[in-house]
Amino acid sequence: MNEKHKTIGHGRIIRQRQLPERRKNREQRLQELRSNGSQIKTYKSPAKYSNQEKHSVSPIKKTDPKKPKPPNNLGSIYGLLWIGLLVIVPAGAGITAMSALFKLPSQEDCESTYWRTASASKRLYCAQLLATSSTVDSLLQAINLVDVLSNDHPMRPQIDGYIERWSKKILSLGDLAFQDGKLEEAITIAQKVPQKVPAYPLVEKQIQDWQKTWNQAEANYKQTQEYLRKEQWNQASIEASRLLSVPNVHWGTQKYQELINDIKRTRKEGAKLNEARDIGEQGGLDNLTNAIKQVQEIEQKSYIYQTAQKLMVNLGKQIIEIASVKLNAGNWQEALDIVNKVPKNDALQEKVEDIELLARAHSPASLGTIAGLEDAIAQVQKLKAERPFYSKAQQLIGLWQQEIADVAIIEEGKKLAQPKGISDLKAAIAKLQSIPPYNPRGQEATTLIEAWSRQLQQQEDRPFLEKAEKLASFGDITSLQAAIDEASQIGQDRTLYQEAQKKINRWTEKVQRSQDQPILDNAQLLALSGNTEQAIATAKKIQPGRILYNQARGKIQEWQSQQEAKRSLENARQAAVAATADAYATAITLAQQVPTSSSRQLEASQLINQWSQQILSIAMDVVNRDVPRAISIARKIPRNSLAYNSAQSQISLWQSWLIPTPSVESDTLPSDPVEYQTLPSDQSQQLREENSTNLTDERGKPLVSTPKFINNN
C-alpha cells in the first residue's frame with residue numbers, strides 16, 4: 001500500500017510508511033513519496049459529508065428513476081401516463097443539469113472575478129481549480145478563498161471538508177520536505193495551515209512527530225560519532241544501523257551511508273594509530289620519530305584526530321625528555337638535534353623553544369671562560385617564570401654563577417703554583433681546596449690538587465730516596481739495612497712510595513740472601529753426607545717470609561721424601577725375609593709406596609720385579625699339588641712388574657686344566673669322578689725355564705734362581 005496517509009473517523013490520521021528497498025537510492029524513494037503524496041485519499045463519514053455531496057459544484061450525477069408499481073386494474077390509462085412520466089422527467093433533469101454545467105465559470109473568469117461579490121459556488125469552484133496544482137501556495141490560496149464564508153453558510157460543511165483535505169495535502173508536502181532532510185522547511189510549510197481550520201491539530205501532531213523522529217536520528221548520529229572518537233568500532237556500527245529503522249529517507253539513506261563511510265575510514269585510521277602506539281612503546285628516539293610520522297598521516301577531519309594529537313603530544317614529550325637528559329649531561333649539540341625532531345604542536349612549542357634556548361646557551365658556557373659563562377647566563381635569563389623550563393634555567397644560572405667563582409679561584413691557584421716550589425705548590429693546593437668536589441669545577445680543582453700534590457711529594461721525598469741509594473751502594477749488610485731504613489720513611493700514600501718499595505725489596509733480598517745462603521749451603525752438605533735428619537733441621541732455621549724460604553722448604557720436602565722411601569724399602573725387605581708368597585706381596589705393597597720422584601724409585605722397581613718373580617716361582621712349585629692355590633698365588637703379582645705377563649699366561653693355562661674332560665661313558669656313567677689334566681714333567685720343566693728371566697740385582701746377581709721341579713706324577 002503506497003498511500004502516505006489514511007484518515008479513519010474524524011480527524012485521526014494513521015501514518016503508514018514502508019521502508020524503501022535497499023537497492024533503491026534516495027532519489028527513487030523521494031520520487032515515490034512525491035507521487036504518493038499527490039494521491040492522498042480521505043475517508044469521510046457519511047453523516048458529516050452528505051451535505052458536501054449535496055451542494056458540490058462538480059457535475060451532477062444522474063439519479064436512478066424509481067421503478068413504477070405494477071399496473072392495477074384501472075387499465076392502460078395509468079400505464080400510458082406512467083410511460084410518459086418516465087420519458088419526460090429524466091429528459092428534463094438532464095436538460096437542467098446540462099444548462100447548469102454550461103453556466104460554471106472558467107479559469108479566466110476566476111482570475112478576473114471580484115471576490116467580494118462572488119458567490120459561494122464560484123469561490124468553491126475556483127478554489128478547486130487552485131488546489132489542483134498541489135503546491136503550498138495554491139493550496140493556501142484555495143483555503144483562503146473559501147474560508148471567508150460564515151460558519152452558518154449552507155455550503156460551510158462542504159467547504160470544511162475541502163479545507164481539511166487541502167490542509168492534509170499541505171502536510172503531505174511538508175512531509176516530503178521532511179523526508180528530504182529539510183526539517184525547518186517542513187515545519188514552515190505545516191505552520192502555514194490556518195490555525196482555525198479543523199485539521200490544525202493534525203498539524204501540531206505532525207510537527208511533534210517530525211521533531212521527535214529528527215531528534216532521535218540526530219542522537220543516533222551523534223552517538224555513532226562519539227563511538228568513533230573513542231575507537232569503539234563495533235558499537236559505532238550497531239548505533240549507525242539504528243538509522244535504518246528511522247522513518248525518514250534522509251537519515252536512513254544519505255546520513256546512514258555517511259556514517260558507514262566514516263566508520264570504514266576511521267577504522268583504518270585507528271589501525272594506523274595503534275601501530276604508532278606499539279612503535280612508541282618500544283622507546284628510543286628512532287621509534288618515537290617513526291611513531292610520530294604514523295600519527296601525522298591522520299587528517300584533521302578525522303574523528304580520532306584529537307586522540308592522535310594527544311598521542312603525538314605524548315610522543316613529543318618523550319623526545320623532549322631525551323633531549324633534556326642529553327642537555328643535563330652537557331651534550332648540548334646532541335640535545336639541539338634531538339629537540340628539532342619534536343613535531344609542531346602548540347602544547348609542545350614552548351618546551352621546544354626553551355630547550356633550544358638552553359642548548360644554545362651551553363655553547364658559550366662550554367668555553368669555560370668567565371666571559372662565556374656570563375654570555376650563557378644572559379641568554380638563559382630570557383626565560384620568564386611562566387615558561388616550562390624556567391626552574392631549569394634558574395638552576396643553570398646558579399650553576400654557571402658558581403662556576404664563574406670557581407674559575408676565578410682556579411686561575412688564581414694556577415698563578416700561585418707557577419714557580420713550582422714547595423711553598424708555591426702548598427699555597428696553590430690550599431687555594432683550590434676551598435672549591436668543594438660537588439661544585440661545577442670541583443673535579444677540575446681536584447685534578448689540579450692531585451697533580452700539584454704529586455709534584456710536592458716528589459720534591460719532599462726524593463732526598464730520602466737519594467740518600468738510601470748512596471747507602472746501598474756500599475753493598476754490605478749494614479749499609480743495605482741503613483738504606484732500607486732510610487727509604488722506609490716514605491709513607492704508603494706518597495707519590496714515591498712504589499718506587500721506594502721496589503728498591504727496599506731489592507735491598508732486603510740482598511740482605512736475606514747474604515744471611516740465609518750459608519745456612520742452606522750447610523744443610524745441603526749434610527744431606528750429601530747422608531745426615532738427612534741434621535740437614536732438615538738446619539734448613540728449617542730459614543723462617544717464612546725470607547727470600548730463601550721457598551727454596552729451603554723444597555729441599556726439606558725432598559729430603560723428607562727420601563727418608564720415607566728409605567723407610568718403606570727397609571720395611572719391605574724385612575717383610576720379604578719370610579720368603580712366602582704373602583710376604584713377598586706385602587713387601588711389594590710397601591715398595592710401591594716409594595714416590596716416583598724419589599731417587600730410590602729404581603731400587604724399589606727392581607725389588608718389586610724380584611719379589612714378583614719369586615711369587616711366580618712359588619706358584620710354579622704349588623701348581624703340581626694344588627692348581628687353584630697356584631692360580632691364587634700368581635694373581636698376587638702386580639701389573640707393573642716384569643713377571644706380570646708370564647703370570648697371566650700361566651693363570652690362563654692353569655684355568656684350562658680345571659675344565660672337566662668328559663669320558664666315553666659319560667652318558668651312561670654320570671657319577672664318574674672328574675679327571676683333571678696334569679702337566680707332563682718335561683713340559684713343566686720347560687715352562688719353568690721360560691719364565692726364569694735374566695733379571696739381576698744392583699750387584700749383578702740373578703734376581704730369581706731356577707727352582708727345582710718335582711714330578712709328583
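Residues numbered from 1 in each chain as written. Predicted model: local features only at pLDDT ≥ 70, side-chain atom pairs only at ≥ 80, totals over all residues. Heavy atoms only, no water.

A.B. asks: Hey, could you go over the overall build of the protein for me, with residue numbers and the actual values?
C.D. replies: Counting its regular elements, the protein contains 28 helices and two strands. Across the 713 residues of the protein, 39% fall into the buried class. When contacts within the protein are restricted to residue pairs at least 6 apart in sequence, long-range pairs at least 24 apart make up 61% of them. As presented, the protein carries roughly 42,100 Å² of accessible surface, and 50% of it is formed by carbon and sulfur atoms. (Helix = DSSP H or I, 4+ residues; strand = E, 2+ residues; numbered from the N terminus. Buried < 20%, exposed > 50% of the residue type's maximum accessible area, 1.4 Å probe, protein only. Contact = heavy atoms within 4.5 Å. Areas by Shrake-Rupley, 256 points an atom, 1.4 Å probe, with all protein chains shown as cover.)

A.B. asks: Before we move on, could you go through the packing of aromatic side chains and cite the residues and values that matter?
C.D. replies: This model, assessed by the stated rule, comprises five aromatic pairs. Between phenylalanine 178 and tryptophan 210, the aromatic rings sit 5.7 Å apart at their centres with planes inclined by 20°, giving stacked as the arrangement. Residue phenylalanine 178 is found in helix H7 (residues 156–179), and its partner tryptophan 210 is found in helix H9 (residues 200–229); the two are separated by 32 residues along the sequence. Grouping residues by exposure puts phenylalanine 178 and tryptophan 210 together as buried. Residues phenylalanine 178 and tryptophan 214 carry aromatic rings whose centres are separated by 6.1 Å and whose planes lie at 55° to one another, so their mutual orientation is tilted. In this pair, phenylalanine 178 sits in helix H7 while tryptophan 214 sits in helix H9, placing the two residues 36 residues apart along the sequence. Of the two residues, phenylalanine 178 and tryptophan 214, neither departs from the other in class, the shared state being buried. Between the NZ or CZ atom of lysine 255 and the centre of the ring of tyrosine 221, over which it lies, the distance is 4.6 Å. (Phe/Tyr/Trp six-rings, centres within 6.5 Å; stacked < 30°, edge-to-face > 60°. Lys NZ or Arg CZ within 6 Å of the ring centre and 35° of its normal.)

A.B. asks: Describe the pattern of salt bridges, listing the residues and the values that go with them.
C.D. replies: The full count for this structure, using the stated rule, is 26 salt bridges. Measuring nitrogen to oxygen at the nearest pair gives 3.1 Å for the salt bridge that ties lysine 205 to aspartate 209. Within this pair, lysine 205 and its partner aspartate 209 are both found in helix H9, separated by four residues, close to a single helical turn. With a relative accessible area of 47%, lysine 205 lands in the partly exposed category. Note on aspartate 209: relative accessible area 22%, which makes it partly exposed. (Salt bridge = Lys/Arg side-chain N within 4 Å of Asp/Glu carboxyl O.)

A.B. asks: Break down helix H21 (residues 497–528) for me, citing the residues and quoting the values.
C.D. replies: Here H21 contains 32 residues, and its C-alpha end-to-end distance of 45 Å stays within 8% of the 46 Å for a straight helix at 1.5 Å per residue. Its maximal kink placed at aspartate 516, H21 deviates by approximately 35°, while the proline proline 518 follows within four residues. Among all positions of H21, only Tyr497, Ala500, Lys503, Ile504, Trp507, Val511, Gln512, Asp516, Leu520, Ala523, Leu526 and Ala527 are buried. Buried positions along H21 lie against helix H19 (442–472), helix H20 (477–487), helix H22 (532–539) and helix H23 (549–576). Note on H21: the residue one or two positions beyond its end, glycine 530, has a positive phi of about 95°. (Expected span 1.5 Å × (residues − 1). Bend = angle between axes of the 7 residues up to and from the residue.)

A.B. asks: Tell me what's going on with the environment of glycine 252, and back it up with residues and numbers.
C.D. replies: With respect to the element layout, glycine 252 can be found in helix H11 (residues 249–281). Put simply, glycine 252 and arginine 242 are ten residues apart on the chain and 8.7 Å apart in space, counted from C-alpha to C-alpha. Those residues within four positions of glycine 252 in sequence are excluded, and the remaining contacts are Leu243 and Leu244.

A.B. asks: Tell me about the packing of helix H26 (residues 627–634) against helix H27 (residues 644–657), residues and numbers included.
C.D. replies: Remark: H26 packs on H27, axes separated minimally by 10 Å, with the N-to-C direction vectors making an angle of 160°. The angle between H26 and H27 places the two elements in the roughly antiparallel class. Relative to H27, the crossing made by H26 is left-handed. Packed against H26, whose contacting residues are Val627, Ala630, Ile631 and Ala634, the element H27 presents Ala647, Ile651, Trp654, Gln655 and Trp657 at the interface. Partitioned by chemical class, the residues of the contact of H26 with H27 number eight nonpolar, one polar and no charged. (Axes fitted to C-alpha atoms, helices over the stretch in contact; angles between N-to-C directions. Parallel < 35°, antiparallel > 145°, perpendicular 65-115°, else oblique. Left-handed = near helix turned anticlockwise from the far one by under 90°. Nonpolar A, V, L, I, M, F, W, Y, C, P; charged D, E, K, R; others polar.)

A.B. asks: Quick rundown of the side chain of glutamate 231? Include the residues and the values.
C.D. replies: When you line up the elements, glutamate 231 lands in the loop between H9 and helix H10 (233–241). Accessibility expressed as a relative area gives 19% for glutamate 231, which makes it buried. Setting aside residues up to four positions removed in sequence, glutamate 231 forms contacts with Gly270, Leu273, Asn274, Arg277, Ile304 and Thr307.

A.B. asks: So, the environment of alanine 359: which residues are in play, and what are the values?
C.D. replies: Relative to the helices and strands, alanine 359 is located in helix H15 (residues 346–365). Remark: the alpha-carbon pair of alanine 359 and asparagine 328, spanning 31 residues in sequence, is separated by 9.8 Å. Those residues in contact with alanine 359, other than ones at most four positions away along the chain, are Leu327, Trp332 and Leu336.

A.B. asks: Now, about the environment of leucine 658: what can you tell me, with residues and values included?
C.D. replies: You can see leucine 658 is positioned in the loop between H27 and helix H28 (681–691). In this structure, the C-alpha to C-alpha distance between leucine 658 and valine 627, residues 31 residues apart in sequence, is 7.9 Å.

A.B. asks: Residue-level account of the confidence of the model for the protein, with values.
C.D. replies: For the protein, the average pLDDT comes to 76, and 76% of its residues sit at 70 or higher. Predicted confidence for residues 664–713 stays below pLDDT 50, and this span has 61 contacts to residues more than four positions away or in other chains. (pLDDT = per-residue confidence, 0-100.)

A.B. asks: Tell me about unusual backbone geometry, and name the residues and values.
C.D. replies: Both trends apply: most residues other than glycine have a negative phi, and most peptide bonds are in trans. Even without being a glycine, glutamate 231 presents a positive backbone phi close to 65°. Even without being glycine, alanine 579 reaches a positive phi, approximately 60°. Along the chain, the position of alanine 579 falls in the loop between H23 and helix H24 (581–591).

A.B. asks: So what about the packing of helix H8 (residues 183–191) against H9? Which residues, and what values?
C.D. replies: Close contact between H8 and H9 brings their axes to 10 Å; oriented N to C, the two are set at 175°. In terms of axis orientation, H8 runs roughly antiparallel to H9. Counting all contacts with H8, which are made through Leu183, Ala186, Ile187, Ala190 and Gln191, the residues of H9 involved are Val203, Ile207, Trp210, Gln211 and Trp214. Residue classes in the contact of H8 with H9 are distributed as eight nonpolar, two polar and no charged.

A.B. asks: Before we move on, could you go through the nonpolar core and cite the residues and values that matter?
C.D. replies: Membership of the largest hydrophobic core comes to 94 residues, with the highest contact counts inside it found for Trp166, Trp210, Leu243, Val295, Leu358 and Trp400. Per-element tally for this core: the top contributor is H9, with ten residues. If sequence neighbours within four positions are ignored, tryptophan 400 has contacts with Ala361, His362, Ala365, Leu373, Ala376, Ile377 and Val380. Listed in part, the 32 residues of the second largest apolar core include Ile615, Val623, Ala643 and Ile651. (Core = buried A, V, L, I, M, F, W, Y, C linked by side-chain atoms within 4.5 Å.)

A.B. asks: Tell me about the side chain of serine 453, and name the residues and values.
C.D. replies: Structurally, serine 453 is set in helix H19. Each residue touching serine 453, except ones within four places of it in the same chain, is listed here: Ile429 and Thr495.

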